[in-house]
Amino acid sequence: MTRTILVCCGTGCRANGGMDVSLALTAAVDAAAADANVCCVTETGCSGLCELGPLVRIMPDDIMYYRVRPSDAHDIIQKTVLESEPIERLLFKDSSGNHVLHQADNPFYGHQKKIALRNVGIIDSRSIDEYIAHGGYSALARALEMTSDEIIREVEESGIRGRGGAGFPTGRKWRSAAVLESSPKYVICNGDEGDPGAFMDGSIMDGDPHSVLEGMMIGALAIGAEEGFLYIRDEYIQAVKSMKKAIRAAEKRGLLGESILGTNRKLYFSVVRGGGAFVCGESTALMSSIEGNVGEPRAKYIHSVEKGLWGCPTVINNVETWANIPVIINGGGKKFAEIGTKDSTGTKVFALVGKVKYTGLVEVPMGITLRKLIFEIGGGIPNNRKFKAVQTGGPSGGCIPASLLDIPVDFDTLKEYGTMMGSGGMIVMDDHSCMVEFARYYVNFLCGESCGKCTPCREGLRHMRSILTNICNGYGREGDIELLEMIGSTMIDCSLCALGSSAPNPVLTTIRYFREEYEAHIREHRCPAGVCKALTAFSVNHAVCKGCMACTAVCPTRAIVQLNGGFPIITKSCNGCGSCRDVCRFNAIEAVKGGRV
Amino acid sequence: MIQITIDGVSCTCKKGEKLLAVARRNNIFIPTLCHHDGLPGMGSCRLCVVEVTESGRTKVVVSCLYPVRGEIEVVTNSERILAHRKMILALLRKRAPKSDVIAHMCEAFGAPDLPVASFDGGKCILCGLCVRACDLIGAGSVATRTLLKKLAGQGCAYPVAGAGVIAMVSRGTTKTVSTPYDEPSEICIGCGGCANVCPTGEITVTETETGRTIWGKEFKFAFCKECGELLGTDKEVRYAAQRSGRDPDFLCPACRQKRSADAMAEPFGRR
Ligand code: SF4
Ligand code: SF4
Ligand code: SF4
Ligand code: SF4
Ligand code: FES
Ligand code: FES
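Since we're looking at a predicted model, the values are computed, not measured.

Definitions and limits used
Residues numbered from 1 in each chain as written. Chains lettered and ligands numbered in written order. Predicted model: local features only at pLDDT ≥ 70, side-chain atom pairs only at ≥ 80, totals over all residues. Heavy atoms only, no water. Near = heavy atom within 4 Å. Nonpolar A, V, L, I, M, F, W, Y, C, P; charged D, E, K, R; others polar. Core = buried A, V, L, I, M, F, W, Y, C linked by side-chain atoms within 4.5 Å. Buried < 20%, exposed > 50% of the residue type's maximum accessible area, 1.4 Å probe, protein only. Contact = heavy atoms within 4.5 Å. Pairing = 2+ DSSP bridges. Helix = DSSP H or I, 4+ residues; strand = E, 2+ residues; numbered from the N terminus. Axes fitted to C-alpha atoms, helices over the stretch in contact; angles between N-to-C directions. Parallel < 35°, antiparallel > 145°, perpendicular 65-115°, else oblique. Left-handed = near helix turned anticlockwise from the far one by under 90°.

Peer 1: Requested: an account of the site of ligand 1, with residues and values cited.
Peer 2: As a matter of local geometry, ligand 1 sits amid 13 residues, with A:C451, A:K453, A:C454, A:C457 and A:C497 nearest to it. Residues belonging to the shell around ligand 1 are distributed by class as follows: eight nonpolar, four polar and one charged.

Structure (structure tokens):
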């Protein structure tokens, strides 16, 4: 039997030594060549469960190995490939301790549904042949035989909404650009994923670049564009390389260039590297940046479908949206619309990170509950801690408390609760997180990312930051909460672009759901979560302490000493980092009111 | 022609006309700071916000940039709008604590004094008008820079210093307006266009009998060589001449007219 060994070489696994594993496996295959079945090693994009990487999957047996080291290569070839025998120590163990052989039986993967990520982690992203072998470019061929109207009708019927943030219906966007007579027209792929902790789009560009290109090609056919740009975040070196290579490969095959697949349609794509600013993810700023100007947003009263890049009709969609398009054309819009909810069809890719057992890249049907996403797929909160909140939608997303874990994840519901889908960041927080500090952190981040063009965002963020910093430091005053709400409301209504109008979300949602935490900081000078250093001291509860000394080992200032059989914390030396509390398995270390103030 | 209502008043306007212009024509007052009739709009101050209701949906837009494209209902002074204007002015007062223009507006609109620290800045509210003025009329315009570059090859007096004369520098909360590297600009001609449009008087211009200082640079005045009238700065005159492809003649318009009349008269023997 021909076997394929898929080695994950996505960003996460590469950082954990995925390339070395791949090399070791190739060497082991060579060494065993004499009596080996035909067997090839394929390096893939992110397979999802980065937390337990590097991942290795043997096909067609579908045996999935986790945390593989180069030293395991010999065993994998000798036992699994040659003797079809699984290696227990490399398998996933579920919550009841059973070994899980197949990917689909791992609860992390079981609840997922992959459309945008259909090939990511399965094919060698560098090979156009593999993409074609997996059905790639068949949608393009089909689209070439359809009229513009037919293509757009499928997209409209699919109900797909932009995956980049605003959730605007993609079909409607295309339609408005297609009806315009003027030329030239452009298509743009927004790959400027700037959210800290997000890697959805990067993973698609890295792991399945042709799906993005194919989507863009179909879009270009539909609206009548002959040129397209992929604006990719400058830090995504891998994605830039992978997309450039894919464009070259597509050109060689006659899929791009003078004549697409022998027809009289022309199409040229090029990669533009981002200016390194978060605000360039905003579509008008992005276009301004492609034009060679400062990446500042402009007023959007005339939509970019009418007057976009260089004043021409432009359709801009993000990476994930484009990657969905071939599936819609091949399977039909109706079929796509059956997935997800009525108003949010299809699936959404999330980067599940933070205080969750299995961090990684997941794709789930819209409408899944947060609880299922975090507890079943993500495996819940590590170290038996309590879930506190989840931030959705990136740095300017709001957070959702435990009481709302059962709401469905879709564009409109998230908005109703004060947050957003954004591009799909999902950061889970446990009870060692302070919500005021959380708001301060993101406001501070956004302060550095605001372009500074308009008053509400530039000035509002600056004052929000100083008010929040004061609260965290114990200098909060009565009226601060109301002032934050007032500034926030002006930012939402009056900011020029979406960065400013969504920036108050982290503040306003934490006030909405955790107001008492703000009040404790302001009125009692107490940080209930024990995070704000100025308000917190730590003490060891000796009734619970087992004397394991885990805390003494992690304390960076050696503030915990063994004294008369106990472990008192020397307040003078303690810098309030909280590491001891995080590491203690018996919850013997308690945060108490104290600190500087 | 489109019929819209602003604060209940029915107004007629052309498609694409900006809401602010329509309101002004109908004597409806909307406050502005970063708007100038002669310069491209930027929508930075956000003071001119109004509520627009279109097919049942209400949104807040800036009137200086919003093009009228269909039948809409506009409200310029709802509670929501007034509250936002107050907040915007209150925020600007913290940005520009030394500006009496802003202080007066705050008083007039009843903007609260926010209990937050002021910026240690001066009067600038970062409206961007000065940059746009310089880009359009001054030495900062792209067309001019291209021309200067060409002229530089032919021994032009004004070296071309990279970007523009003045620009919005840095981004976000640390944005300022300045010359490249905060040094006196090489290509500024001292025309004062930037200072003329500045709503807060941030750009200081000092003038003596013989010259003008702006952006940390001194400019000599030029006078009409016939009648002695002030023409502007020396650089300004040379720059204007170069832009129109002539040699500077240092004449005021009246004397120039007289001279050409004389020159024309001569061949006809009327002298
Ligand atoms: S909202 Fe913020 S990022 Fe957007 S234009 Fe205004 S200052 Fe720039
Ligand atoms: S909080 Fe940090 S510094 Fe203080 S005792 Fe614990 S580990 Fe040491
Ligand atoms: S004075 Fe200088 S900076 Fe100001 S508009 Fe004129 S050329 Fe530009
Ligand atoms: S200097 Fe004056 S014109 Fe220039 S940005 Fe500041 S306030 Fe506006
Ligand atoms: S990079 Fe390997 S699982 Fe994400
Ligand atoms: S006057 Fe309209 S935004 Fe400044």
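Peer 1: Can you lay out the site of ligand 4 for me, pointing to particular residues and giving the numbers?
Peer 2: Taken together, 13 residues lie around ligand 4, and B:C124, B:C127, B:G128, B:C130 and B:C198 are the ones closest in. Of the residues assigned to the shell around ligand 4, the class counts are ten nonpolar, two polar and one charged.

Peer 1: Which residues make up the nonpolar core, and what values do they have?
Peer 2: With 96 residues, the main nonpolar core has A:L484, A:V507, A:Y518, B:I4, B:I6, B:L19 and B:L33 as its most contacted residues. Not counting residues up to four positions away in its chain, the partners in contact with B:I6 are B:C11, B:L19, B:V22, B:A23, B:I28, B:V74 and B:T76. Of all hydrophobic cores here, the second largest spans 64 residues; its members include A:M146, A:I204, A:A222 and A:A323.

Peer 1: Mind laying out the sheet that holds strand 4 (residues 63-65) of chain A, listing which residues take part and the relevant values?
Peer 2: All names here are of chain A. With mixed pairing, the four strands of this open sheet are ordered in space as 2-1-3-4. Looking at strand neighbours, the two that pair on one side only are strand 2 (39-44) and strand 4, the edges of this open sheet. The sheet shows a mean angle of 20° between the axes of neighbouring strands, direction not considered. Sheet topology places strand 1 (residues 3-8) next to strand 3 (residues 56-59); four bridges connect them, and they run antiparallel. What sits directly across from T4, in strand 3, is M59. Helix 2 (residues 18-31) rests against strand 1, strand 2 and strand 3 of the sheet, and its axis sits at about 170° to strand 2. Lying on the sheet, helix 3 (residues 73-83) is in contact with strand 1, strand 2, strand 3 and strand 4; it crosses strand 1 at an angle near 135°.

Peer 1: Tell me about the environment of A:L468, residues and numbers included.
Peer 2: Residue and element names in this part refer to chain A. Structurally, the position occupied by L468 is in helix 18 (residues 455-472). Under the relative-accessibility criterion, L468 is labelled buried at 0%. In this structure L468 touches V436, A439, R440, V443, L484, V507 and Y518, once residues within four positions along its chain are discounted.

Peer 1: Outline the sheet that holds strand 9 (residues 211-214) of chain B, supporting the account with residue identities and numerical values.
Peer 2: Residue and element names in this part refer to chain B. Overall, antiparallel pairing links the four strands, which are arranged 8-9-10-11 in an open sheet. Either end of the sheet is taken by a strand with one partner, and the two such strands are strand 8 (205-207) and strand 11 (230-233). Taking the axes of each pair of neighbouring strands and ignoring which way they run, one obtains an average angle of 25° across the sheet. Across the face of the sheet, helix 7 (residues 234-243) comes into contact with strand 9, strand 10 (217-223) and strand 11 while running at roughly 90° to strand 11.

Peer 1: Give a description of the packing of helix 10 (residues 209-223) of chain A against helix 11 (residues 237-252) of chain A that names residues and reports values.
Peer 2: Residue and element names in this part refer to chain A. Where helix 10 contacts helix 11, the axes come no closer than 9 Å and their chain directions differ by 60°. Looking at the two axes, helix 10 sits oblique to helix 11. Pair helix 10 / helix 11 crosses with right-handed handedness. Only S242, M243, A246, I247, A249 and A250 of helix 11 make contact with helix 10, whose side of the interface consists of P209, H210, V212, L213 and M217. Taken together, the residues of the contact of helix 10 with helix 11 break down into nine nonpolar, two polar and no charged.

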